[in-house]
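An overview of the molecular structure
Residue strings, one per chain:
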Amino acid sequence: QVQLVESGGGLVQAGGSLRLSCTASGRPFSSYAMGWFRQAPGKEREFVAAITRTGGNTYYADSVKGRFNIARDNAKNTVYLQMNSLKPEDTAVYYCAADLDYYSDYKTASSGNEYDYWGQGTPVTISS
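Residues numbered from 1 in each chain as written. Predicted model: local features only at pLDDT ≥ 70, side-chain atom pairs only at ≥ 80, totals over all residues. Heavy atoms only, no water.

Moving on, we get to the nonpolar core. Met34, Trp36, Leu81, Met83 and Tyr94 are the most contacted members of the largest nonpolar core, which totals 39 residues. Those residues in contact with Tyr94 that lie beyond four places of it in its chain are Glu6, Leu20, Trp36, Phe37, Arg38, Val48, Phe68, Leu81, Met83, Gly121, Thr122 and Val124. (Core = buried A, V, L, I, M, F, W, Y, C linked by side-chain atoms within 4.5 Å. Buried < 20%, exposed > 50% of the residue type's maximum accessible area, 1.4 Å probe, protein only. Contact = heavy atoms within 4.5 Å.)

One face of the sheet, then the other: side chains in a regular strand alternate in exactly this way. When you tally the buried positions in strand β8 (residues 78–83), you get 5 out of 6 residues, the bulk of the element. Across 6 bridges, strand β3 (residues 18–25) lies against β8 in antiparallel orientation. Counterpart to Cys22 in the pairing with β8 is Val79. When strand β7 (residues 68–73) meets β8, the two strands line up antiparallel, connected through 6 bridges. Its bridge partner being in β8, Asn69 is matched across the sheet by Gln82. Where β7 folds back on β8, the antiparallel hairpin that results is connected by 4 residues, among which Asn77 adopts a positive phi of roughly 55°. (Helix = DSSP H or I, 4+ residues; strand = E, 2+ residues; numbered from the N terminus. Pairing = 2+ DSSP bridges.)

We now examine the pattern of salt bridges. If the charged atoms of two oppositely charged side chains come close together, the side chains can form a pair. For the structure shown, the criterion picks out 3 salt bridges. Among the salt bridges present, the one from Arg38 reaches Glu46, with a minimum N-O distance of 2.6 Å. With a relative accessible area of 4%, Arg38 lands in the buried category. Given the relative accessible area of 26%, Glu46 is considered partly exposed. Three or more residues are tied together by salt bridges with common partners; here these are Arg38, Glu46, Arg67 and Asp90. (Salt bridge = Lys/Arg side-chain N within 4 Å of Asp/Glu carboxyl O.)

Purely spatial values, then, with no claim about function.
Okay, here's the thing in structure tokens:
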């Protein structure tokens, strides 16, 4: 069993920054890849970013590339999503997810169906 708990969401103005955290428990953190997804009201869930088991590879959706950064600290069992230059369209509930299987390309890392465990989500609202 893997449990994921997100934190760090909130309300910020456009152009601001926010850092989300996701802390995992239940298995050695290094045994799974991690991803961030988001879902806005009335929209389908979309991929945001992902990182491999040791942090050797990262993947980003085109909509956030250059603005967001994903990182992990295996010693703290935590994955982070640093969000900069936030836009109103970034408003969504953000979820972290854990994948116990290996992935090494964007196609796999960006697929929500790939992930085995999900956190409860943390809301992010960007005002304009």
